[in-house]
Amino acid sequence: MSGPLDGVLVVDLTRALAGPHAGMMLGDLGARVVKVETPGGGDDSRGWGPPFVDTPDGGRESTYFFSANRNKESIALDLKDAADKAVLTELVRRADVLLENFRPGTLAKLGFGTDVLAELNPRLVTLAISGFGHDGPEGGRAGYDQIAQGEAGLMSMTGSGPEDPQKVGVPISDLLAGMYGAYGVLAALLERERTGRGQVVRTSLLAAVVGVHAYQGTAHTVGGKVPRGQGNHHPSISPYGLFHCAGGSVQLSCGSEGLWRRLCTEFGLDADAPGFATNGERVARREEVIALLEGVFADIEAPELLARLAAAGVPAGKVRTLDEVYTWDQVESQGLKISVEHPTAGPLTLPGPPLRFFAAGADGEQETTRRDHTPPPVLGADGEAIRAWLSGAEPDGVPQPEGDDVEDGHAT
Ligand SMILES: CC(C)(COP(=O)(O)OP(=O)(O)OC[C@H]1O[C@@H](n2cnc3c(N)ncnc32)[C@H](O)[C@@H]1OP(=O)(O)O)[C@@H](O)C(=O)NCCC(=O)NCCSC(=O)C(=O)O
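Residues numbered from 1 in each chain as written. Predicted model: local features only at pLDDT ≥ 70, side-chain atom pairs only at ≥ 80, totals over all residues. Heavy atoms only, no water.

As recorded by an unreviewed UniProt entry, the protein chain carries the name Formyl-CoA transferase and is attributed to Modestobacter italicus.

S.K.: Go over unusual backbone geometry, please, and point to the residues and values.
M.R.: Residue proline 50 is bonded to the preceding glycine 49 through a cis peptide linkage, with omega at 0°. With respect to the secondary-structure elements, proline 50 resides in the loop between β2 (32–37) and β3 (52–54). Note the cis peptide between serine 238 and proline 239, where omega equals 0°. Relative to the helices and strands, proline 239 resides in the loop between α9 (214–221) and β9 (240–245). Backbone geometry places asparagine 71, a non-glycine residue, at a positive phi of 60°. With respect to the helices and strands, asparagine 71 occurs in the loop between α2 (63–66) and β5 (72–76). The phi dihedral of alanine 214 falls on the positive side, at around 50°, and the residue is not glycine. (Helix = DSSP H or I, 4+ residues; strand = E, 2+ residues; numbered from the N terminus.)

S.K.: Provide a residue-level description of the packing of aromatic side chains, including the pertinent values.
M.R.: If you walk through the whole model with that rule in mind, you get four aromatic pairs. Ring geometry for tryptophan 48 and tyrosine 64: centres 5.0 Å apart, planes at 90°, overall edge-to-face. Taken together, the residues span a long stretch of sequence, with tryptophan 48 in the loop between β2 and β3 and tyrosine 64 in helix α2 at a distance of 16 residues. On the numbers, 5.3 Å between centres and 70° between planes, the contact of phenylalanine 267 with phenylalanine 297 is edge-to-face. On the criterion of sequence distance, the pair formed by phenylalanine 267 in the loop between α10 (257–266) and α11 (279–284) and phenylalanine 297 in helix α12 (residues 286–297) is long-range, its members being 30 residues apart. Considered together, phenylalanine 267 and phenylalanine 297 belong to a single accessibility category, that of buried residues. Put simply, the rings of Phe243, Phe267 and Phe297 pair up and form one aromatic cluster. The cationic tip of arginine 60 hangs over the ring face of phenylalanine 52; the distance from NZ or CZ to the ring centre is 3.7 Å. Across the ring face of tryptophan 389, the terminal group of arginine 94 is positioned such that the distance to the ring centre comes to 4.8 Å. (Phe/Tyr/Trp six-rings, centres within 6.5 Å; stacked < 30°, edge-to-face > 60°. Buried < 20%, exposed > 50% of the residue type's maximum accessible area, 1.4 Å probe, protein only. Lys NZ or Arg CZ within 6 Å of the ring centre and 35° of its normal.)

S.K.: Outline the site of the ligand, listing residues and values.
M.R.: Tyr64, Thr106, Gly143, Asp145 and Asp174 are the nearest of the 25 residues found near the ligand. At a separation of 3.2 Å, an oxygen atom of the ligand approaches a polar side-chain atom of lysine 109. Between aspartate 174 and the ligand, the recorded distance is 3.0 Å, taken from a side-chain N or O atom to an oxygen atom. For the ligand, whose accessible area on its own is 1,000 Å², the fraction buried by protein is 79%. When contributions to the shell around the ligand are tallied by element, the ones reaching two or more residues are α4 (106–109) and β7 (125–130). For the shell around the ligand, the per-class residue count stands at 12 nonpolar, six polar and seven charged. (Near = heavy atom within 4 Å. Polar contact = N/O pair within 3.5 Å; in protein donor to acceptor, adjacent residues only side chain to side chain. Areas by Shrake-Rupley, 256 points an atom, 1.4 Å probe, with all protein chains shown as cover. Nonpolar A, V, L, I, M, F, W, Y, C, P; charged D, E, K, R; others polar.)

S.K.: Which residues make up the packing of helix α3 (residues 82–94) against helix α16 (residues 383–391), and what are the values?
M.R.: The contact between α3 and α16 brings their axes to 10 Å, and the two run at 65°. Comparing the axis directions of α3 and α16 gives the class roughly perpendicular. Relative to α16, α3 is oriented so that their crossing is left-handed. Across from Asp84, Val87, Glu90, Leu91 and Arg94 in α3, the residues of α16 making contact are Ile386, Arg387, Trp389 and Leu390. For the contact of α3 with α16, a count of residues per class yields five nonpolar, no polar and four charged. (Axes fitted to C-alpha atoms, helices over the stretch in contact; angles between N-to-C directions. Parallel < 35°, antiparallel > 145°, perpendicular 65-115°, else oblique. Left-handed = near helix turned anticlockwise from the far one by under 90°. Contact = heavy atoms within 4.5 Å.)

S.K.: Explain α3 residue by residue, including any values.
M.R.: Counted at 1.5 Å a residue, the expected span for α3 with its 13 residues is 18 Å, and the 19 Å between its end C-alpha atoms agrees. Listed in full, the buried residues belonging to α3 are Asp84, Val87, Leu88, Thr89, Leu91, Val92 and Arg94. Where α3 starts, the residue carrying a side-chain oxygen 3.1 Å from the main-chain nitrogen of alanine 83 turns out to be aspartate 81. (Expected span 1.5 Å × (residues − 1).)

S.K.: Just give me the short version of the sheet that holds β5, but keep the residues and values in it.
M.R.: Taken together, six strands build an open sheet; the order of strands is β5-β2-β1-β6-β7-β8 and the sheet is parallel. Because the sheet does not close on itself, it has two edges, and the strands there are β5 and β8 (200–204). Neighbouring strand axes in the sheet, compared pairwise and without regard to direction, differ in orientation by 20° on average. Taken strand by strand, α3 contacts β1 (9–12), β2, β5 and β6 (97–100), and its axis lies near 145° from that of β1. Strands in contact with helix α7 (residues 172–195) are β6, β7 and β8; relative to β7, the strand with the most contacts, it is inclined by about 160°. (Pairing = 2+ DSSP bridges.)

S.K.: Lay out the pattern of salt bridges in plain terms, naming residues and giving numbers.
M.R.: According to the stated counting rule, one finds 21 salt bridges in the structure shown. In this structure, arginine 192 and aspartate 96 form a salt bridge, with 2.9 Å as the shortest nitrogen-oxygen distance. With a gap of 96 residues between them, arginine 192 in helix α7 and aspartate 96 in the loop between α3 and β6 connect regions that are remote in the sequence. With respect to class, arginine 192 is no different from aspartate 96; both count as buried. Here arginine 370 ties to aspartate 372 by a salt bridge, and the two come within 2.8 Å at their closest N and O atoms. Given the relative accessible area of 11%, arginine 370 is considered buried. (Salt bridge = Lys/Arg side-chain N within 4 Å of Asp/Glu carboxyl O.)

Next comes the structure, spelled out in structure tokens:
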């Protein structure tokens, strides 16, 4: 047992980041994920770099590819070739889930439209990720994260102000589309338990960003505002943001009046001063609040300031660079750093899965989180074993999901 999705077979036709991230999440949960790649170059992201890791055979592996493909097997299939299409057909018959993030219409052109997939395997759950939706006035439009972050409004709310739109430092629309996609897949698998039938789940980079507009969305749809970038301060809470101090800066957030009072007590300020006593007043005077606090913090070094904020119980922290994140013992303690041995690139440290599982009972809690992570695959490395498995001539040692007897065109 390697996770809650043990025995689930996922055929992952995705490339780049959005779809592969969904596949990786399902693999983290214990599903067997078979990644189907184009012969020759494979997943486009295998060519995205630097950084690359040089391998002893004179090749190289992309660290970008490593970010979204742990816990997967790889088979190279030319989906424009009849024999390779037959291999995919056999995989689809056995699969529980199929993932794709082609331009809408591409998979149908390759001979695997949703009608064909449903006929091959009525229990199949298909996740299709597009740029902007499969239908609607701009249905089928191609998309990459950069475009989606702009088109879905995220860049207009990020940055120091209206003249300075900024994208988030990671391809967040891809990652969210992958996450929403995996979440949709899990719901469809649950529904399949009741109905016996799979279904097609669709999301997009656009939907993923709109799905997290949160209070900025309702500030517009209900409040009539058009939120713009406000740098590192919050539009509706004060104080909440990045504050300069002696030789650096710290972040702090007072999301309740109690926290504001604790902050004021610690630094000798009057929490009830006219114009500052309520969050609404402080938001209206955000710049004055920032100036007041930065005046007090001007002579206090960041480590001392953080210690005082922690002692006062005010949520606070620093702005870490990734070298500081990955050497932080708290990150390690949460399983957020894993080690795998890559067949050509050698030992790799990778960001770890964000979910942990615990069996809780009278004896306490026992962690059941998957630990047997496998490295991102070399292109086509598992092709021979997968073909042998599909043909029934499985050599010893080939991993096989539980319950893979094929009945009525689906895995049982
Ligand atoms: C990413 C894309 C813009 C790329 O556009 P395209 O290059 O036009 O991709 P397509 O999906 O249409 O596929 C290109 C061609 O490759 C062919 N193709 C693909 N796989 C195979 C295999 N295995 N064998 C043979 N041929 C193949 C496919 O049939 C098409 O052929 P022809 O039809 O003959 O040309 C689009 O796929 C897209 O909008 N996807 C949905 C949104 C998404 O996931 N975007 C990437 C997020 S990652 C990201 O933004 C980031 O990391 O940053």
